[in-house]
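What follows is each chain in one-letter form.
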Amino acid sequence: MTELPSGTVTFVFTDVVGSTRLWEEHPDEMHDALARHDELVRGAIEALGGHVVKTTGDGFHAAFAIASDAIEAAVAAQLALAAEPWSDPGPLRVRMGVHTGAGEVRDGDYYGTALNRAARLMSVAHGGQIVCSESTAGLARDTLPADTAFVDLGVHRLRDLDVPERVFQVSHPRLDGAFPPLASADVHATNLPRQPTSFVGRERELVAIREAMGSARLVTLTGVGGVGKTRLATHVGAEVLSDFADGVWFCELAAAGDPDAMVQVVASTLSIQARAGVSLDARIQDVLRSRRALLIFDNCEHVLDVACDLADGILGGCPGVQILATSREPLDVAGERVIRVRSLPLPADVDDLAQITSTAAVQLFAERASAVEPDFDVSAANAVSVAQICRRLDGIPLAIELAASRVASLRPAEIAELLDERFRLLTGGRRTAVERHKTLRATVDWSYSLLVPTERLVFDRLGVFAGTFDEQAAVAVVGVDVDSWVVRDALAGLVHKSIVNSVELEAATSRYQLLETLRAYARDRLEESGEADAVRRRHAGHYAERAELRGAALLTGVGVDTAFRNGLLDTDDTRAAISWALDSPGPGDDELALRIAVVFSGAGPQARRDAGLLTSASRLLERAAHAHPEFEGAILAGLAADALFLEGDLAQAEELAHRALAGVRSASIVPAGETPMAYSVLIFCAIARGRFDEARQVVEEAMSHFDAAHGRSFFEYHAARIELAAGDNATARRHAEQAVSLAREAEFPLRLAQALSVLGQVTVCADPDTARAALDEISMIEGPTGLLIRQGAYNALVVTVRLSQAEQAWGTALHALRDAAVRARDHGTFTAVTAAALLAGVLADFDRPRTAAVLAGVLTRGPYASIFPAVTAPDDRQQLADQLAAVRAQLGADQYEDAISQGAAMSLDGTLDTMLTAIDEMLATAADLSKT
C-alpha cells in the first residue's frame, strides 16, 4: 500500500444522500448502483493522486497531498456521477466536503481535528454539491482548472465544532449550482448548547441511537452518573438537526425540583405560554401537534413520573415529535427504546504505547489534559500511568475529565497513586458545569439521593464485593436482618437505576458488579454506618462456604463444572475474604481464612496465586499452628505443591509434604480431602529422583487411606506414571486402564481426564489408535466443563504432539506446544518442562539447532532440571538425547556449550518467551512445516 500523505493534508469526505431510504425501497438495485458509484468515485480520487483511506457507510474518506488535486477529483467524481445513465433506483446524489489541515497518521489511519472538520463540512452539503473550507480554497484557488471556481457561502457554525467556518461551494459549468441553504447549525431552530470541547469516541453508540430513532419515537439513554449521557444526546441532536424542520430542543431538567417545574422547563424551552383554563402539559401538546421536532429531555431520573406522563402525552398527540431522553433509569413508556450507555473502552493491561493511545478513554484524558497543560501528550514515559487512571476510574468520562484537569499540578503517576482518595482528588470541574458535575462525589451523591431507603442499605453493603457476584452472594452478604426478597428487589432496582451493572459472563447464574468508583462510595457509606466488620464477616463466611462446596465437588465429582466456573469468577472476592479475615482482630475470624486455604491446598498453581495464598502463606501457616491440626496439614500440602509445581524445588517440596502427612501417619488425624496432594508431591519427587520403589510405597500407603473409586483412580494414575518413568509400559498401561475404569465408576470428569491422559501417553507409540481415542475423549470432557487438567496436562500434551508428529501434522503440533507455553504460567513448571522438551526435539528436526540447544540447557542444567525425568518417559528422553547429539555436531562443541549455558541461566518466563518466539517464527513460515 502507498504511504499516506502526512503534514498538511487535504481530506475529502463523500456520502450518498438518502441512501437509507433507497436501501429499504430498492435493496437489490442499490447493491449494483452503489458498486458503480464506488467505481466512479474511487476512480476519480485515484486518478488525481488521492488515497482512499476507508469507506464510510455509503461514501469515501480520501486524502490528498495537494489541495487543488482534491478539488479537481471531487469535480471529476460529480461529473462522472451526473453523466452515468442510472436505472433504478435512479440517480445517486452525492454530497462532498473538503478541508485542509494537519494530517496525523497512526496505524494506517488519520486522527485529529482536521478530519472532523472535513466530515462536518460534508454533512452540511446537499446531494450533488461540493463544499470546502477557507483553508482549502486559499491553497487551491490559484491552481484550479479554468472552468472551476469557488462561491463564498458565508460563515457557518458546524455541529460539535466551536470555531465557525467560512464555507465555499465549488462551481463548474456542467454541475448544478442551485442548492438550498447549507444544513449547518446556524440555519436550524435549536437551543443546543455549544460544546467547548470535542466529542471523543462513542461510534457504536451513535449508530445504535440513530438506528433506534429510526424505529422508535422515544429513545432513552440510561447509565451511571458522569458516563456522558448528556453529551451523547446533544451530539446526536446536532447530527439530526436537518431531519427536524421545527428544530431540536434541549430541555435541561436537572434544576426542576418538582413536577410542575419540570413541565415549566419544557414549556419555557419551547417558548410556550400558559392559557387560562388549559393545563400547561395540554398546551405543550397543542403547540407541538403539527410540528416536526426533536425534544431532548435531559436528566429525568428525579422527575421520572411526570416525565413519563408528559412524554406519553406528547407521543400520543403529536405524531411529528420524537423524544430523546437521558436518565439513570428508563421512563417505562410504551414503545420506548432503551440504550444503555456504558463507560468508554479501556486499554488492556499492557505497556504498548500504540495499544494504549488507541482507546477512547485515553484519548479523552489526553485531549482534556492538553487543554490545561498545552504541552501534555501521552508518551512512553506516562502511558502506563494514564491507562491505570482510566481503568481505575472505570472509563467514566466525567471522572477521567476531572482527573485530566489535575495534570496542571500533578504527573499522571502521582494522580494514579492518589486514586484511593478519588472523592477528594477529583474536584474542580468547569464553572459552567451543573453543580453535581463539579466533583465526582457530587455526581454520585446525586444518584444516591434518588434511591429508596432499602436500595441505599443494600447498595452500601454490596460495597464489600471485590469482583462480580451473584444473587445468592448478595443475599448472604446483605444479611438476615433484610428479607431475601427485599434484597432481590433492591438489587433489581439498583440495576434498573444504573447503580449496579449486570455483566455478561459464562456462568450458571446472573452476575453483577459495582464500578470501582461506586464501590468506593458504598464502602465509605458502610464505614460511616459502623457495620462494616459485620458485613465483611458475612462476606468472608459466604466465600468460605463456597470454597468448601468447591472442595466437596472435587471429592465427589458432583457439580465440578459449576464449582470450577464459580471458583474462577469468585477469585477477587476469595482473595478479599482471606485478606480481611487474617487482618481482622475479631475472635475466630482468621478461621474463615483457614477454611478457604484448606480447600485451595489441592488447587492448581494459578488458582492459589490468584486467591492470594502465596503471599499469605506464612501468616496462614502461623494461624493454623494454633488452630486445628488438620488445617495445618492441608496448608502445608498446598505449600508443598507450590514448591514443586511453581519452583521445581524437590527438597523443599518433600520436606513440606512429609510435615503435611505427619498427623495422618501418626494416626492423630483422619485423612482429609486435601491429603492426596501431599502424597502426589512425594510421588512426583520420588519419580524425579529415580526412586521408583519409594514412589510405589507412597502409592500403597495412600491407597490404604482411600476406598472411594475416585481416590483410587487418582493413585492408579500415579502408579501408571511411576511405571512409565521406570520404563515398564505394560504395567503402566494396566494401571492407566484401571485408573480410567475407576474414574468411570465414580463418574468423576476430572479424574477421568487425568487417567485418559496417562493412558494416552503410555500407548502413543505402541497403540496410537487407543491414544487418539483417549485424547478425543479428553476433548469431549473439557468441552462442556471447561476444566484445565492440571496434573495431567503435560501427559495430554505429549500425546497430542507425538500423534501429530507421526501424522506429519506439524502445524497441529506447534499450535499445541504454543498453547502449552501460554498456559504454563498457570499450570506450573511440569507443563513448561514437558513443552520445552518436545519443542527442543521439533527444533532439532527442523534445523533450528541454536534454540534447540538453549532449551536443552533449560532441561538439563537449569533450575527445573531436577523435574525433567518426572515428566518424560525413558524412550522420549533417549530420542531427545539422540537429536541433541546431532545438534552438538552441527553447532560444534563451543557453540553448543554456549547455548546450553544460556538456557541454564534462564528463568521460567524467559524460557516460555523463547519458546513462543520460536514457535511463532515457524508458524509464520509455511515452508518450516514441511520437513526437508
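My aim in this report is to walk through the structure given alongside it, one point at a time.

**Things to note about the overall build of the chain**
Next up, step 1: Helix and strand counts for the chain come out as 43 helices and 16 strands.
Next up, step 2: Seen through its C-alpha atoms, the chain measures out along the principal axes to roughly 100 × 75 × 55 Å.
Next up, step 3: For the chain, the residues scored as buried account for 56% of the 932 residues in total.
Next up, step 4: Pairs at least 24 residues apart make up 73% of the contacts formed inside the chain by residues separated by at least 6 positions.
Next up, step 5: With an accessible surface of roughly 38,500 Å², the chain has 50% of that area assigned to carbon and sulfur atoms.

**Observations regarding the state of the cysteines**
Next up, step 1: In total, this model carries zero disulfides according to the counting rule given.
Next up, step 2: Distance from the sulfur of cysteine 300, which forms no disulfide, to the nearest cysteine sulfur (cysteine 251) is 9.2 Å.
Next up, step 3: Residue cysteine 300 is classed as buried on the basis of its relative accessible area, which comes to 0%.
Next up, step 4: No disulfide involves cysteine 318; its sulfur sits 13 Å from the nearest other cysteine sulfur, which is in cysteine 251.

**A short note on the packing of aromatic side chains**
Next up, step 1: In this structure the tally under the stated criterion is 12 aromatic pairs.
Next up, step 2: Taken together, the ring pairs in this structure connect Tyr679, Phe706, Phe714, Phe715 and Tyr717 into an aromatic cluster.
Next up, step 3: Just above the ring of tryptophan 485 sits the side chain of arginine 488; from NZ or CZ to the centre is 4.6 Å.
Next up, step 4: It is arginine 751 that lies over the ring of phenylalanine 714; its NZ or CZ is 4.3 Å from the centre.

**Side note on the environment of serine 405**
Next up, step 1: Residue placement: serine 405 occurs in the loop between helix H14 (397-404) and helix H15 (412-417).
Next up, step 2: Residue classification places serine 405 among the partly exposed positions, given a relative accessible area of 26%.
Next up, step 3: Note: C-alpha distance between serine 405 and alanine 369 (36 residues apart in sequence) is 5.8 Å.

**Comments concerning unusual backbone geometry**
Next up, step 1: In this structure, the amide linkage connecting aspartate 88 to the following residue, proline 89, adopts the cis form with an omega of 10 degrees.
Next up, step 2: Tracing the backbone through its elements, the reader meets proline 89 in the loop between helix H3 (67-83) and strand E4 (94-106).
Next up, step 3: Notably, aspartate 332 is not glycine yet its phi reads approximately 60 degrees, a positive angle.
Next up, step 4: Using a relative accessible area of 54% as the deciding quantity, one classes aspartate 332 as exposed.
Next up, step 5: Positioned with a positive phi, aspartate 847 is a non-glycine residue whose angle comes to about 60 degrees.
Next up, step 6: Considering the arrangement of structural elements, one finds aspartate 847 in the loop between helix H39 (829-845) and helix H40 (849-861).
Next up, step 7: What makes aspartate 847 exposed here is its relative accessible area of 52%.

**A look at the environment of serine 680**
Next up, step 1: Counting through the fold element by element, serine 680 comes out in helix H31 (residues 675-688).
Next up, step 2: A sequence separation of 22 residues divides serine 680 from alanine 702, and the C-alpha atoms of the two residues are 9.2 Å apart.
Next up, step 3: Dropping the residues within four chain positions of it, serine 680 is found in contact with Phe714 and His718.
Next up, step 4: Of the polar contacts made by the side chain of serine 680, one reaches the side chain of histidine 718; its length is 3.1 Å.

**Some details on the pattern of salt bridges**
Next up, step 1: Per the counting criterion, the structure on display carries 40 salt bridges.
Next up, step 2: With a shortest N-O distance of 3.7 Å, aspartate 243 and arginine 210 are connected by a salt bridge. Of the two residues, aspartate 243 is situated in the loop between helix H7 (229-239) and strand E10 (248-252) and arginine 210 in helix H6 (residues 203-215); the sequence distance between them amounts to 33 residues.
Next up, step 3: Judged by relative accessible area, which is 38%, aspartate 243 ranks as partly exposed.
Next up, step 4: For arginine 733, the salt bridge identified is with aspartate 767, shortest N-O distance 3.1 Å. Of this pair, arginine 733 sits in helix H34 (residues 729-746) while aspartate 767 sits in the loop between helix H35 (749-763) and helix H36 (768-785), and the two are 34 residues apart along the sequence.
Next up, step 5: Residue classification places arginine 733 among the partly exposed positions, given a relative accessible area of 26%.
Next up, step 6: Here the residues in one salt-bridge network are Asp470, Arg511, Arg546 and Asp570, joined through shared partners.

**Notes on the packing of helix H12 (residues 360-372) against helix H13 (residues 383-392)**
Next up, step 1: Running from amino to carboxyl end, H12 crosses H13 at an angle of 110 degrees, the nearest separation of the two axes being 9 Å. Considered as vectors, H12 and H13 are oriented roughly perpendicular to each other. Note on packing geometry: the crossing formed by H12 with H13 is right-handed. Contact residues: H12 offers Ala361, Val362 and Phe365, while H13 offers Val386, Ala387, Ile389 and Cys390.
Next up, step 2: Tallied by class, the residues present in the contact of H12 with H13 amount to seven nonpolar, no polar and no charged.

**Some remarks on H12**
Residues three or four positions apart in an α-helix share a direction because the helix packs 3.6 residues into each turn.
Next up, step 1: Between the first and last C-alpha of H12 there are 19 Å, a value that for 13 residues agrees with the 18 Å anticipated at 1.5 Å per step.
Next up, step 2: For H12, every residue scored as buried is listed here: Ala360, Ala361, Val362, Leu364, Phe365, Ala366, Arg368 and Ala369.

**A short note on the pairing of strand E11 (residues 293-298)**
Next up, step 1: E11 sits mainly inside the fold: six of its six residues count as buried.
Next up, step 2: Alternating residues of E11 divide into Ala293, Leu295 and Phe297 and Leu294, Ile296 and Asp298, and every residue in both groups is buried.
Next up, step 3: Taken together, the five bridges between E10 and E11 define a ladder with parallel strand orientation. In the strand pairing of E11, glutamate 252 is matched with aspartate 298.
Next up, step 4: Pairing geometry for E11 and strand E12 (residues 321-327), over five bridges, is parallel. Among the inter-strand pairings, leucine 295 is bridged to a residue of E12, identified as isoleucine 323.

**Considerations on the pairing of strand E3 (residues 60-64)**
Next up, step 1: For E3, a buried count of five out of five residues is recorded, marking the element as mostly surrounded by other parts of the structure.
Next up, step 2: Burial along E3 is two-sided: Phe60, Ala62 and Phe64 and His61 and Ala63, pointing in opposite directions, are all buried.
Next up, step 3: As paired elements, strand E1 (residues 7-16) and E3 share four bridges and run antiparallel to each other. When the sheet's bridge partners are listed, phenylalanine 11 is paired in E3 with alanine 63.
Next up, step 4: As judged from the four bridges shared by strand E2 (residues 51-55) and E3, these two strands associate in the antiparallel manner. Note that in E3 the partner of valine 52 across the bridge is alanine 62.
Next up, step 5: Hairpin connection between E2 and E3: a loop of four residues separates the two successive antiparallel strands, and glycine 57 in this loop has a positive phi of roughly 65 degrees.

**Focus on the nonpolar core**
Next up, step 1: Membership of the largest hydrophobic core comes to 198 residues, with the highest contact counts inside it found for Phe365, Phe459, Leu462, Phe469 and Leu644.
Next up, step 2: Here this core takes 12 residues from H39, the largest share from any one element.
Next up, step 3: For phenylalanine 469, the residues in contact, after removing those within four places along its chain, are Leu462, Ala474, Leu491, Ser510, Arg511, Tyr512, Gln513, Leu514 and Tyr543.
Next up, step 4: One finds Val12, Leu40, Trp86 and Leu175 within the second-largest nonpolar core, a separate group that totals 37 residues.

**Some remarks on the sheet that holds strand E16 (residues 511-513)**
Next up, step 1: The strand order across the open sheet formed by three strands is E14-E16-E15, and the pairing between neighbours is antiparallel. Across the chains shown, the open sheet's two edge strands, defined by having one partner strand only, are strand E14 (469-470) and strand E15 (501-503).
Next up, step 2: Where E14 and E16 come together, two bridges link them in antiparallel fashion. If you follow aspartate 470 over to E16, its bridge partner there is arginine 511.

**Looking at the packing of helix H18 (residues 453-462) against helix H20 (residues 484-496)**
Next up, step 1: Contact pair H18 / H20: the axes reach a minimum separation of 9 Å and the direction vectors enclose 85 degrees. Put simply, H18 runs roughly perpendicular to H20. Along the contact surface, H18 presents Thr454, Glu455, Val458, Phe459 and Leu462, while H20 presents Val486, Val487, Ala490, Leu491, Gly493 and Leu494.
Next up, step 2: Looking at side-chain class alone, the contact of H18 with H20 contains eight nonpolar, two polar and one charged residues.

**Looking at the sheet that holds E12**
Next up, step 1: Strand order in the open sheet formed by five strands is E10-E11-E12-E9-E13, and the pairing between neighbours is parallel. Since the sheet does not close on itself, it has two edges, and those belong to E10 and strand E13 (337-340), each with one partner. With strand direction ignored, the average angle separating the axes of adjacent strands in the sheet is 20 degrees.
Next up, step 2: Strand contacts of H7: strand E9 (218-222), E10, E11 and E12, with the helix running at about 160 degrees to E12, the strand carrying the most contacts.

**Quick look at the side chain of serine 133**
Next up, step 1: Counting through the fold element by element, serine 133 comes out in strand E6 (residues 130-133).
Next up, step 2: The residues touching serine 133, leaving out its near neighbours within four places in the chain, are Val98, His99, Thr100, Leu121, Glu165, Arg166 and Phe168.

Basis of the calculations
- Per chain, residues are indexed from 1 in the order of the written sequence.
- Totals for whole chains, interfaces and linings use all residues, but because this is a predicted model, local features are given only for residues with pLDDT of at least 70 and pairs of side-chain atoms are given and counted only at 80 or more.
- Side-chain numbers come from the whole structure's heavy atoms, not from hydrogens or water.
- Strands here are runs of E lasting at least two residues and helices are runs of H or I lasting at least four, both read from the DSSP assignment and numbered beginning at the N terminus.
- Residue burial is assigned from relative accessible area. The probe radius is 1.4 Å, only protein chains are included, and a residue is buried under 20% of its type maximum, exposed over 50%, and partly exposed in between.
- In what follows, residue pairs with any heavy atoms lying within 4.5 Å of each other are defined as contacts.
- Accessible surface area values rest on a Shrake-Rupley calculation with a 1.4 Å probe, where residue burial reflects the displayed protein chains alone.
- For this text, the term disulfide refers to a pair of cysteine sulfurs within 2.5 Å.
- Between the rings of Phe, Tyr and Trp (Trp by its six-membered ring), a pair exists once the centres lie within 6.5 Å; its type follows the angle of the planes, with under 30 degrees stacked, over 60 edge-to-face, and the other angles tilted.
- Only when the NZ atom of a Lys or the CZ atom of an Arg is both within 6 Å of the ring centre and within 35 degrees of the ring normal do we say a charge sits over the ring.
- In the analysis that follows, any N or O atom pair within 3.5 Å is treated as a polar contact, provided that within protein one partner can donate a hydrogen and the other can accept it, and provided that, for residues neighboring in sequence, both atoms belong to side chains.
- Should a side-chain nitrogen of Lys or Arg be within 4 Å of a carboxyl oxygen of Asp or Glu, the pair is scored as a salt bridge.
- Note on method: axes are straight lines fitted to C-alpha atoms, helices fitted across the in-contact stretch only, with angles between N-to-C directions ranging 0 to 180 degrees.
- Here is the rule for angles: anything less than 35 degrees is roughly parallel, anything more than 145 is roughly antiparallel, 65 through 115 is roughly perpendicular, and the remaining ranges are oblique.
- When the near helix sits turned anticlockwise from the far one by under a right angle, the crossing is termed left-handed; a clockwise turn instead gives a right-handed crossing.
- Three residue categories are used. Nonpolar comprises Ala, Val, Leu, Ile, Met, Phe, Trp, Tyr, Cys and Pro, charged comprises Asp, Glu, Lys and Arg, and polar comprises the others, including Gly.
- By definition here, a helix of n residues has an expected span of 1.5 Å times n minus one.
- Strands are treated as partners if at least two bridges between them are detected by DSSP.
- Note on terminology: a nonpolar core comprises buried Ala, Val, Leu, Ile, Met, Phe, Trp, Tyr and Cys residues joined through side-chain atoms within 4.5 Å.

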